[in-house]
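Coordinate inspection notes
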Amino acid sequence: RNKALVGGTVAVIVVLAGGVIAASRQAARASREAHKAEAVNAFARGVGAAATKDAAQARAEVARLLKLRDAATGYWAGQIEIQSEVVRGLATIAEGKADEGIEILRQAATREDATEKHVVTPGPLLPAREVLANALLDAGKPADALREYETVLTKEPNRLRATGGAGLAAER
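Notes on the structure in this doc start here. These numbers come from a predicted model, not from an experiment.

Before going further, it helps to examine the overall build of the protein chain. Counting its secondary structure elements, the protein chain contains seven helices and zero strands. Start at the N end of the protein chain and walk to the C end: the helices and strands fall as α-α-α-α-α-α-α. Relative to its 172 residues, the protein chain shows a buried fraction of 35%. Taking contacts inside the protein chain between residues at least 6 apart in sequence as the whole, the part at least 24 apart equals 53%. A total of about 10100 Å² of accessible surface is found on the protein chain, and carbon and sulfur atoms cover 59% of it.

Tallied over the entire structure, the rule returns 16 salt bridges. Note that Arg 69 is salt-bridged to Asp 70, the shortest N-O span being 2.8 Å. Owing to a relative accessible area of 56%, Asp 70 belongs among the exposed residues under this scheme. A salt bridge links Arg 129 to Asp 113, with the nearest nitrogen and oxygen atoms 2.5 Å apart. Note that Arg 129 is positioned in helix α5 (residues 128–138) and Asp 113 in helix α4 (residues 98–113), a separation of 16 residues in sequence. For Arg 129, a relative accessible area of 10% corresponds to the buried category.

Looking now at unusual backbone geometry. Non-glycine residue Lys 53 carries a positive phi angle of around 65 degrees. For Lys 53, the location among the structural elements is in the loop between α1 (2–51) and α2 (55–71). Judged by its relative accessible area of 57%, Lys 53 is exposed. One non-glycine residue with positive phi stands out, namely Asn 158, at about 70 degrees.

Let us now look at α2. With 17 residues, α2 should reach 24 Å at 1.5 Å per residue; the first-to-last C-alpha distance of 25 Å fits that figure. The complete set of buried residues in α2 reads Ala 55, Ala 58, Glu 61, Val 62, Leu 65 and Leu 68. Angular distribution of buried residues about the axis of α2 spans 125 degrees; they occupy a single face of the element. The exposed residues of α2 that point more than 90 degrees off its buried face are Ala 56, Lys 67, Asp 70 and Ala 71.

The next subject is the packing of α2 against helix α3 (residues 74–94). Here α2 crosses α3 at 165 degrees, and the two axes come no closer than 9 Å. Classified by the angle between their axes, α2 and α3 sit roughly antiparallel to one another. Note that α2 runs across α3; the crossing there is left-handed. For the pair α2 and α3, the contacting residues are Ala 55, Ala 58, Arg 59, Val 62, Leu 65, Leu 66, Leu 68 and Arg 69 in the first and Ala 77, Ile 80, Glu 81, Gln 83, Ser 84, Val 87, Arg 88, Ala 91, Thr 92 and Ala 94 in the second. Here the residues of the contact of α2 with α3 are counted per class, giving eleven nonpolar, three polar and four charged.

The rules we used
- Residues numbered from 1 in each chain as written.
- Predicted model: local features only at pLDDT ≥ 70, side-chain atom pairs only at ≥ 80, totals over all residues.
- Heavy atoms only, no water.
- Helix = DSSP H or I, 4+ residues; strand = E, 2+ residues; numbered from the N terminus.
- Buried < 20%, exposed > 50% of the residue type's maximum accessible area, 1.4 Å probe, protein only.
- Contact = heavy atoms within 4.5 Å.
- Areas by Shrake-Rupley, 256 points an atom, 1.4 Å probe, with all protein chains shown as cover.
- Salt bridge = Lys/Arg side-chain N within 4 Å of Asp/Glu carboxyl O.
- Expected span 1.5 Å × (residues − 1).
- Arc of directions from axis to C-beta.
- Axes fitted to C-alpha atoms, helices over the stretch in contact; angles between N-to-C directions.
- Parallel < 35°, antiparallel > 145°, perpendicular 65-115°, else oblique.
- Left-handed = near helix turned anticlockwise from the far one by under 90°.
- Nonpolar A, V, L, I, M, F, W, Y, C, P; charged D, E, K, R; others polar.

In structure tokens:
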């Protein structure tokens, strides 16, 4: 009877250890994937900071995005790089250097356009080209902005903000 108890205890320990190993593997996988979700948060914080003219906070989010990019691999590293460039462009505009910021945004949009969309993602939450179009409109360049909005709508039809922005640009 003691042998059965000891054998059962060993079996329980093995099962528990197996669960711990499986949980450890899941946690490691989750930590490798966490950069994707954190990048979305840093991107949103950076865009928001730039929109409120807090260039220093936007630059801090660029630094965070670059660290996350370094932790990522392949497709996701490229996407996070594009996000960091969008926020960098907006931060540059918030610092009063509109032409330089627009050029950074243009390069980010070109890079995003050249990237194949990942099969399980719906597309960018805020396309770089739409951000570029908004910046052009804000800089008093409605014809250029309209061209960019139309490009966004060709690639990603029915985007509310791109449609609205195109309407504003056409009016001006």
